[in-house]
Amino acid sequence: MNAFAQIKPPSVGCGNAPVLKQRGQREVFCGLTSIVWLHRKIQDAFFLVVGSRTCAHLLQSAAGVMIFAEPRFGTAILEEKDLAGLADANEELDREVERLLARRPDIRQLFLVGSCPSEVIKLDLSRAAERLTQAHAPQVRVLNFTGSGIETTFTQGEDECLASMVPVLPETDAEQLLLVGALPDVVEDQLVGLIEALGVPVVKALPSRNADTEVGIGPNTKFIVAQPFLGATAGALAGRGAQHLAAPFPFGEEGTTAWLRTIAEAFNVSPEKFDEVTAAPRARAQKAVAAASERLSGKSVFFFPDSQLEIPLARFLTRECGMTALEIGAPYIHRDLVSADLDLIAEGPVLSEGQDVDLQLDRCRAAKPDLTVCGLGLANPLEAEDLATKWAIELVFTPIHGYEQAGDLAALFAKPLKRREGLTL
Amino acid sequence: MKLTVWTYEGPPHVGAMRVATAMKGLHYVLHAPQGDTYADLLFTMIERRDHRPPVSYTTFQARDLGSDTATLFKESCKDAFDRFQPEAIIVGASCTAELIQDDPGGLSESMGLPVPVIPLELPSYQRKENFGASETFYEICRALSAPVERTPEITCNILGPTALGFRHRDDVVELSSILESLGIAVNVVAPLDATPADIQRLGVAHFNVMLYPETCETACRWLEREYKQPFTKTVPIGVGATRDFIAEVKAIAGLPDTVVDDSRLRLPWYSRSVDSTYLTGKRVFIFGDGTHAIAAARIAKEEMGFEVVGLGCYNREFARPVRACAKELGLEALITDDYLEVEAAIEALQPEMILGTQMERHIGKRLGIPCAVISAPVHVQDFPARFSPQVGWEGANVIFDTWVHPLVMGLEEHLLHMFREDFEFHDDAGASHHGSHTPAAQKRRVVEEKTDTPEPVIKDGVTWLAGAEKELRKIPFFVRGKARRNTEKFAVEQGVTSISIETLYEAKAHYAR
C-alpha cells in the first residue's frame, strides 16, 4: 500500500513563534453573537438570552437585519425588580419560558443563554435549565450556556453551546465519525458526502439540524472539528471517551485535503481510494483558487482578532494565495486545535493573542498592509485612512469550508482589492 | 423580566454615545464588559462614519471581576486622555458595569485630570436610548456652559441633532438656511459637530431652537432657567409646522411679520394638483418617535388629505403629547415598545398605508401594505447620499415624495394585478416584454388550471364559494384584505354560511362609504 502524500511544512513554522499579548480595549463581539447563525442551524431550537436591553440591541444590530418572521431567539430583559431579588427573577424566568413554549409548540430545544448581567448577579441558569427540563419534558429539552462578554468572545458562544449539548448525548458503541461545528447545510452535506465516499461507515454531525436526529457518543467515536474555536466542545467530547482527530482546518484545497486525509488515515482508507474520491474536487478547488487569488498574490495581510478563524485563514492565504501575513491577531489561540495550522505558516508574521486595539491600530498603520481583516467597527475608519479592509464577520456567515468553497474564500479577500482597482474617484 | 425580540431603542449608554460621537473634542470613557464595543458598528456601518466613535471601553472580563475593575477603569481613563487629548471627558457605565458599582464618576474625579470630567448616571434597567442622549446632553450643558454676554445681533442655537439621528445632518442645513432667510445667525449647533468650547458659549445666543425634543428638551428647559434663553416649541416638520415655527421665531426675536420666502416649497401645489386626487381619504397608520409621529399626523391630515386611522409612539416619555394629538383626531394613541402590538394594531385596522419606522416597513411588507419611513430607529437607508431633510421647505418636499412613492408603486402593482390574466402581463412573464423572456406555454397552462377552480375556503364557519373567491382576487390587493373581512363579517351578521358573488357585492354595498 502506498503512503499518503503529505504536505510540505515550511522549514520554520509559527508553531513556536513568540506570542504578543497586550491588555487593553478589546474590540470584539461577545459570544451572544453566535446565536445569529446557531439558530439558523438548529432548526427546532429557541435561544433565550437572559440579559439586558444591551444584549437585545447587540443581537438585532449584529444580525444586521430586521425580523421578517417571529425569530427563534429573544432576550428576557432583566428589569429593576429582577435585580432586587433572585427568587423573583427565577419565577419571572419560568413564567416567560412557559409563555414562550405555549406560543411556540414547534420548539423542541430551548437554550437559556447567560449574559454579562445574569452572570454578575449570579443567576443560576443551569439550575433553571434542570427545573424547566423537568417541567417541559419530553416535548422540550432545556439546556444552558454562557454567551456573556465577560466569559466568551464572539465564536466562543458556539463552543459553549455545543459543549452544553455533549453531556446529554446518548451513549453508543458504534464505530463512527462525528463532524463537529455548525456549518452551513450545503457545506456539511458536501463534506459528509466526501467522507462517506471514502468508506467511513457512519458520519454524524454536531449540532444536528433538529432534536430528533439521534447523535450518540462513546469510545468508538472519533471526532473531527471543523471550526478552530471549538476547544471546550473538543474537551467535553474527549471527556466522554471520544477520540480527537487533530488536523489543519478544511479551508482551501490544501487544508481540506489535509483534513480529509486525517479522517482517511484514522479509518484505514487506502491512499488509492482517497485519491479516487478527492482527485476531481481537488483539481476544481486548485483551479478556482488560482483564478480567484490572482489579485492576492504578492500582497500583504493584517488580521485583527475576531473569530479565531484567523490562524487557519492566514495559512490558506499565505500558502495557497501567495500572500504575506504581517500580523495574525486572534482573540484566543487554542493550541490543541490550531497547532497543525501554525506549523504550516512560515515564520515571519507577528502572532498576537488578545488585544489593545489602539496599540494594534498603531501597528497596522505602520505596517501599511495591502489588506486588513477586521471587525465592522474598524473597517470604515481604516478605509478612510486608505487601508483596504475585509469584514471578518462575513467569514463566519458565508460558506467557506471545503473544496467547492475554496475559490469563493479566496474571492472574498480579493473583492475589496478588485473594487479599489475598479473605481476611479 | 420582559421577553423582547426586537427593540425600537437601545440602552441609555448608546444614547450617550450618540451625543459623544456627534461632538468633537469630547471623549467618552465607558465602563463596560467585553462585547459592548458592538455599538461602534452602529456608527461606522449604519451611518458610514469614517472615524471610530470617541469611546474608550474598559472591556472587562470575568477574570477582572475577581481582581480590580476600578483600577482598570482608571487606567482606561488615563490612556484615553493621553492618547486623544480631549477638551472634556464624559464617564459612565453600561448595564453590567452599573451592577458592579465601581462609581466611574468618583474614580475619575479622584484622578485630577486637567480637563472637565462629567459623570453620567444612566439607569440601564429603567431607561432607554433617547433618555440617555437627552440626559447626557443636559449634563454636558450643565457642566460646560458659562454665563456670557449676548451677541449684539440676534442669534440662536440649534439644539438636538446627534450622531445616528434620523436625517439630523440635513435638517441642520435646511433649518440654518431658513433662519438665515429670517436674518438670524446660528451661534452653535449642538451636539452635532460642537466642541466643548462651543458648549461654553451657548449662552451668547438669544434663544434656542429645540429641533428634537427627544434629545434636547431637558437641556432647553435648563438653559431657559439658567440663562433666560427662551426656546421654540414647534418642530418645523411639514408646511404648517414650518410656518408656525417661523411665527414663533419672529415672536421670540421680535421681528416684524414680513413675508418669508418659501419659493422652494412645492408640497402645497403638488398636493393640490389633480393627479394627487387619489390620495384623498387614504387611511394611514402612523407610528414612530413622539416628535415625528405628531408631525406626520398633521402633515397626513392637513397637507396630504389622508385620514389618520391610528397614531402611536414607542418612547413613553412622549406619551402625553401623542395622546393629546390622537385625541384631537378622535383616536386612542398606541404607546408601546413592543412591535408585535404595533403589528396587531395595523392588522386590525387594515390601513391603506403605514407611516412608520423601519420595523413598520417590514410589518407592511408582511401584510402587503405600503409604508414610508418617518422616524428612527435608523437603518443604513436613512442616511442617503443626497440632501434629504425632514424639516423646513425642502423637508416638506422630501416628505411628499417619500410618502407618495410607495403608493405609486402600489398603483403599479394594482395595474399588474388587473392585467394578471392578460396574455402579456401574467405572473410568469419576465420583467421585459421582449421575445427572449417569453415563458414556456406549458407552465402557464398549469397556473391557469389552478386559478380556474379555486378550492372552497372555510373560515369562521363561513365558506367562500369558488366563484366568490375568484371574484375576490380581482379586487386590488391593498383593499382585498378589508373586503374579505367585511364580507365575512357581513355574512356572519346575516346568518349566511356560504359566500357567493352576490354576498360579496351585497357586503360591498352595505359597507359603502
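Keep in mind that what you see is a predicted model, and the values were worked out from it rather than measured.

Q: Can you tell me about the overall build of chain A, naming the residues and giving the values?
A: Along the backbone of chain A there are 17 helices and 14 strands. Relative to the 2.2 N^0.38 estimate, which gives 22 Å for 425 residues, the radius of gyration of chain A is 22 Å and therefore close to what a compact globule would have. Every one of the 425 residues in chain A was classed for burial, and the buried ones make up 61%. Within chain A, counting contacts between residues at least 6 apart in sequence, those at least 24 apart form 76% of the total. Counting only carbon and sulfur atoms, one obtains 51% of the accessible surface of chain A, whose full area is about 15,800 Å². A distance of 3 Å separates the average location of the 40 positive side-chain charges in chain A from that of its 56 negative side-chain charges.

Q: Kindly report on the packing of helix α12 (residues 310-320) of chain A against helix α13 (residues 335-344) of chain A, identifying the contributing residues and their values.
A: All names here are of chain A. Contact geometry for α12 and α13: axes closest at 9 Å, N-to-C directions at 25 degrees. In terms of orientation, α12 lies roughly parallel with respect to α13. At the point where α12 passes α13, the crossing takes the left-handed sense. For the pair formed by α12 and α13, the contact residues are Ile 311, Pro 312, Arg 315 and Arg 319 on the first element and Val 338, Asp 341, Leu 342 and Leu 344 on the second.

Q: A description of the nonpolar core should follow, citing residues and the corresponding values.
A: Ranked by internal contacts, the top residues of the largest apolar core, which has 232 residues, are Phe 47, Phe 111, Trp 259 and Ile 263 of chain A together with Ile 286 and Trp 403 of chain B. Here Phe 47 of chain A is in contact with Ile 35, Leu 38, His 39, Ile 42, Arg 72, Phe 73, Gly 74, Phe 111, Val 113, Phe 145 and Cys 161 of chain A, once residues within four sequence places are set aside. Within the second largest apolar cluster, 25 residues are counted, among which are Leu 48, Ile 107, Ala 129 and Val 142 of chain A.

Q: Give me the side chain of Thr 69 of chain B: which residues, what numbers.
A: Structurally, Thr 69 of chain B is set in helix α4 (residues 69-84). Excluding anything up to four places from it in sequence, Thr 69 of chain B contacts His 31, Phe 60, Asp 64, Ile 100 and Asp 102 of chain B.

Q: Lay out unusual backbone geometry with the relevant residues and their values.
A: In this model, Ala 137 of chain A is joined to Pro 138 of chain A through a cis peptide bond whose omega is 0 degrees. Checked against the element boundaries, Pro 138 of chain A lands in the loop between α6 (125-136) and β5 (141-146). In this structure, the amide linkage connecting Ala 376 of chain B to the following residue, Pro 377 of chain B, adopts the cis form with an omega of 5 degrees. Within the secondary structure, Pro 377 of chain B is located in the loop between β14 (371-373) and α17 (392-418).

Q: Lay out the interface of chain A and chain B with the relevant residues and their values.
A: Taken together, the contacts link 62 residues of chain A with 56 residues of chain B. Taken together, the links from chain A to chain B amount to five salt bridges. With a shortest N-O distance of 3.8 Å, Glu 27 of chain A and Arg 52 of chain B are connected by a salt bridge. Our count for the contact surface shared by chain A and chain B stands at 22 residue pairs in polar contact (both at pLDDT 80 or more).

Q: Kindly report on the confidence of the model for chain B, identifying the contributing residues and their values.
A: Residue and element names in this part refer to chain B. Taken over all residues, the pLDDT of chain B has a mean of 90, while the share at 70 or more is 89%. In this model, residues 429-454 is a region of pLDDT below 50 whose contacts with residues beyond four sequence positions or in other chains number 20 contacts. Reported confidences for the modelled complex are a pTM of 0.90 and an ipTM of 0.95.

Q: Account for the sheet that holds strand β13 (residues 371-374) of chain A, naming residues and giving values.
A: Residues and elements named next belong to chain A. Across the sheet, which stays open at both edges, the six strands sit in the order β1-β12-β11-β10-β13-β14 with parallel pairing between neighbours. Looking at the sheet topology across the chains shown, the edges are occupied by β1 (19-21) and β14 (389-391). The average angle at which neighbouring strand axes cross in this sheet is 20 degrees, direction not considered. With four bridges joining them, strand β11 (residues 324-330) and strand β12 (residues 350-353) adopt parallel strand pairing. What sits directly across from Ile 328, in β12, is Leu 351.

Q: Let's hear about the packing of aromatic side chains: which residues, and what values?
A: Evaluation of the coordinates by the stated rule reveals 17 aromatic pairs over all chains. Measuring from centroid to centroid gives 4.9 Å for Trp 6 of chain B and Tyr 8 of chain B, while their planes differ by 80 degrees, and the two rings are edge-to-face. Seen from their ring centres, Phe 306 of chain B and Trp 403 of chain B are 6.4 Å apart, and the 20 degrees between their planes marks the pair as stacked. Here Phe 306 of chain B, found in the loop between α13 (290-303) and β11 (307-313), pairs with Trp 403 of chain B, found in helix α17; they are 97 residues apart in sequence, far enough to count as distant. A single burial state applies to Phe 306 of chain B and to Trp 403 of chain B, both of which are buried. Following the ring pairs from residue to residue traces out a cluster consisting of Trp 6, Tyr 8, Phe 287, Tyr 314 and Tyr 339 of chain B. A cation over an aromatic ring shows up here: Lys 222 of chain A above the ring of Phe 267 of chain A, its NZ or CZ 5.0 Å from the ring centre. Residue placement shows Arg 127 of chain B over the ring face of Phe 131 of chain B; its charged tip is 4.1 Å from the ring centre.

Q: Give a detailed account of helix α16 (residues 358-367) of chain B, specifying residues and quantitative values.
A: Residues and elements named next belong to chain B. α16 sits mainly inside the fold: seven of its 10 residues count as buried. Listed in full, the buried residues belonging to α16 are Gln 358, Met 359, Glu 360, Arg 361, His 362, Ile 363 and Gly 364. Buried residues along α16 sit in contact with β10 (283-288), α15 (339-349), β13 (353-356) and β14.

Q: Describe the sheet that holds strand β3 (residues 55-57) of chain B, and please don't skip the residues or the numbers.
A: Residue and element names in this part refer to chain B. Here we have four strands laid out as an open sheet, ordered β3-β2-β4-β5, and parallel in their pairing. Where the open sheet ends on each side, the last strands, each with one partner, are β3 and β5 (117-119). Each adjacent strand pair in this sheet contributes to an overall mean axis angle of 20 degrees, direction not counted. Pairing analysis gives six bridges linking strand β2 (residues 26-31) to strand β4 (residues 88-93), with the strands arranged parallel. From the neighbouring strand, Tyr 28 faces β4, where its bridge partner is Ile 90. Lying over the sheet, α4 contacts β2, β3 and β4, oriented at roughly 160 degrees with respect to β2. Packing against the sheet, helix α7 (residues 129-144) makes contact with β2, β4 and β5, and its axis sits at approximately 140 degrees to β5.

Q: Go over the side chain of Ser 34 of chain A, please, and point to the residues and values.
A: Residues and elements named next belong to chain A. When you line up the elements, Ser 34 lands in the loop between β1 and α1 (35-41). The exposure class of Ser 34 is buried, given its relative accessible area of 0%. Here Glu 158 takes part through its backbone nitrogen, which lies 3.1 Å from a polar atom of the side chain of Ser 34. When neighbours within four sequence positions are excluded, Ser 34 is seen to be in contact with Phe 154, Thr 155, Gly 157 and Glu 158.

Q: Explain the pattern of salt bridges to me, and be specific about the residues and the numbers.
A: Applying the stated rule across the entire model yields 51 salt bridges over all chains. Residues Arg 99 of chain A and Glu 96 of chain A are paired through a salt bridge, measuring 3.7 Å at the closest nitrogen-oxygen approach. Taken together, the residues span about one helical turn, with Arg 99 of chain A and Glu 96 of chain A both in helix α4 (residues 86-103) at a distance of three residues. The class of Glu 96 of chain A is buried, set by a relative accessible area of 5%. The salt bridge involving Arg 52 of chain B is made with Asp 358 of chain A; its shortest N-O contact spans 3.0 Å. One end of the pair, Arg 52 of chain B, is in the loop between α2 (40-46) and β3; the other, Asp 358 of chain A, is in helix α14 (residues 357-367), on a second chain. Of the residues examined, Arg 52 of chain B reaches a relative accessible area of 19% and is grouped as buried. One continuous salt-bridge network, built from bridges that share partners, spans Lys 41, Asp 185, Glu 188, Asp 189 and Arg 209 of chain A.

Rules used in this analysis
- Residues numbered from 1 in each chain as written.
- Chains lettered and ligands numbered in written order.
- Predicted model: local features only at pLDDT ≥ 70, side-chain atom pairs only at ≥ 80, totals over all residues.
- Heavy atoms only, no water.
- Helix = DSSP H or I, 4+ residues; strand = E, 2+ residues; numbered from the N terminus.
- Rg over C-alpha atoms; globule rule 2.2 N^0.38 Å.
- Buried < 20%, exposed > 50% of the residue type's maximum accessible area, 1.4 Å probe, protein only.
- Contact = heavy atoms within 4.5 Å.
- Areas by Shrake-Rupley, 256 points an atom, 1.4 Å probe, with all protein chains shown as cover.
- Lys, Arg positive; Asp, Glu negative; His and termini not counted.
- Charge placed at Lys NZ, Arg CZ, Asp CG, Glu CD.
- Axes fitted to C-alpha atoms, helices over the stretch in contact; angles between N-to-C directions.
- Parallel < 35°, antiparallel > 145°, perpendicular 65-115°, else oblique.
- Left-handed = near helix turned anticlockwise from the far one by under 90°.
- Core = buried A, V, L, I, M, F, W, Y, C linked by side-chain atoms within 4.5 Å.
- Salt bridge = Lys/Arg side-chain N within 4 Å of Asp/Glu carboxyl O.
- Polar contact = N/O pair within 3.5 Å; in protein donor to acceptor, adjacent residues only side chain to side chain.
- pLDDT = per-residue confidence, 0-100.
- Pairing = 2+ DSSP bridges.
- Phe/Tyr/Trp six-rings, centres within 6.5 Å; stacked < 30°, edge-to-face > 60°.
- Lys NZ or Arg CZ within 6 Å of the ring centre and 35° of its normal.

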